[in-house]
Amino acid sequence: MRDHNERLVLSLLRRHGSLAKTDIARMSQLSIQTVSVIMRKLEEDGLLVRQKPVRGKVGQPSVPMALNPEGAYFFGLKIGRRSADVVLIDFLGNIRSMRKLSYRHPTPRETTRFALDSIASIRAGLSPEQDRRIAGLGIAIPFELWNWADTAGAPREIMDEWRRADIRADIQARQDFPVYLQNDATSACGAELVFGQTGGLRDFIYFYIGTFAGGGVVLNGTLFAGRTGNAGALGSMPVPGPNGRPIQLIEAASLALLERKLLARGVDTSFLWDSPTEWAEIGPDLDAWIDASAEALGYAIVSASALIDFEAAVIDGWMPAGVRARLVKAVATALTRINVAGIQVPEVREGTVGIDARSLGGASLPLSERFLIASALPMGA
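Fair warning: this is a prediction, and the values are worked out from it, not measured in the lab. (Residues numbered from 1 in each chain as written. Predicted model: local features only at pLDDT ≥ 70, side-chain atom pairs only at ≥ 80, totals over all residues. Heavy atoms only, no water.)

A look at the packing of aromatic side chains
Put simply, the rule is: Only the six-membered ring of Trp is used, alongside the rings of Phe and Tyr, when aromatic pairs are assigned; centres must lie within 6.5 Å, and planes under 30 degrees apart are stacked while those over 60 apart are edge-to-face, with the rest tilted. Numbering of helices and strands starts at the N terminus; helices are DSSP runs of H or I of at least 4 residues and strands are runs of E of at least 2. When accessible area is computed with a 1.4 Å probe and restricted to protein chains, residues below 20% of their type maximum are described as buried, those above 50% as exposed, and intermediate ones as partly exposed. Note on criteria: charge over ring means Lys NZ or Arg CZ within 6 Å of the ring centre, with the direction from the centre no more than 35 degrees off the ring normal.
Within this structure, the stated rule accounts for four aromatic pairs. Centre to centre, the rings of phenylalanine 74 and phenylalanine 91 are 6.2 Å apart; their planes meet at 35 degrees, and the pair counts as tilted. Placement of phenylalanine 74 in strand 4 (residues 73-79) and of phenylalanine 91 in the loop between strand 5 (83-89) and strand 6 (95-102) is noted, with a sequence separation of 17 residues between them. We note that phenylalanine 74, like phenylalanine 91, is buried. Among the residues examined, phenylalanine 91 registers a relative accessible area of 1% and is labelled buried. Above the face of the phenylalanine 91 ring, arginine 14 is positioned so that its terminal group lies 5.5 Å from the ring centre.

A look at the sheet that holds strand 11 (residues 222-224)
Cut-off, in case you're wondering: In this analysis, strands are considered paired if DSSP registers two or more bridges between them. Only C-alpha atoms enter the line fits that serve as axes; for helices the fit covers just the stretch in contact. Angles between N-to-C directions range over 0 to 180 degrees. Working rule for contacts: check all heavy atoms of both residues, and any pair within 4.5 Å makes them a contact.
Here we have five strands laid out as an open sheet, ordered 11-10-9-14-15, and mixed in their pairing. A single partner strand is all that each edge strand has here, and the edge strands are strand 11 and strand 15 (347-350). When strand polarity is set aside, the average angle formed by the axes of neighbouring strands in this sheet is 30 degrees. Summarising the sheet, strand 10 (residues 213-219) and strand 11 pair through three bridges and their orientation is antiparallel. If you follow valine 217 over to strand 11, its bridge partner there is phenylalanine 224. Of the strands in this sheet, strand 9 (204-209), strand 10, strand 11 and strand 14 (312-317) touch helix 10 (residues 184-195), which is tilted by about 120 degrees from strand 9. Taken strand by strand, helix 13 (residues 284-305) contacts strand 9, strand 14 and strand 15, and its axis lies near 155 degrees from that of strand 9.

Next comes the structure, spelled out in structure tokens:
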């Protein structure tokens, strides 16, 4: 029970920034005495810090408490189709260190070696106290990578290596902290939930547009991973395709499709992956991709909303903020062309975490599992 109440206090402080114990007691419906004991314990553990006293008109000044950035550290490993990242974040979600690896296609051996070398390098730069406060590593990886070999244009024999690989176990064997694993798009959804500016949303569907499209689902303020961890596999959702033939969202709203169009014109597409915050001039190909992606995303949102009454549809991805804004606007327009009789269409919003959502989502797995309530259940550990 104390563990749950401590998580509740930490969750409230993460959501609201800093709070006095009277505010926490009111929000949590715990007694002032219970909250005082919990906050004293968390402060002794180095997880909370005192803020400047706030003086009222009468009585003693209240002392707000906030999360201590140095209270805990978390590693995140993102394994993408074109690149891998290792990040170290503090208790507030600030990125303290990052390592990157670019490749044409990921292999288990190369990716594991990169992760282990990056973790060792980052830990070497920490103080003993900081190193002691590392609470875990979360791996954000596309599930069943081998199934996307043809779509990604990757050699099947290379991608088949992932069938036999257990990267979580391989990394866990070399670390003294727990290692977790979750689908990359679900992890990105978790980053939006834990670190993003969701404005109190309790139920939303989340799309992350990277090399391939994917997503996640948040219900009652909780990242819903499902029985196998693959709930919110939005890339597999059927949407109308050419000539009315159904295709999957992954075939209609992925950056791999934009890359394919550019390659057909002889354009060097490395900027798509190397400069996600500022792309080179693309022109009509980008316009066509946004229109087609928006139409498909609109149908995916309507289909999902027929099942669950979402408050919002949040769209983020590996793209400049300006492109994301255009895509979100186009999706809202596309929804006006779809028959939504009997459905309450959710508000379409931009994501607030951005290109690092999958890396931060990986790091959020140990944070949520060990310090917050209503966390998704990552695999492993």
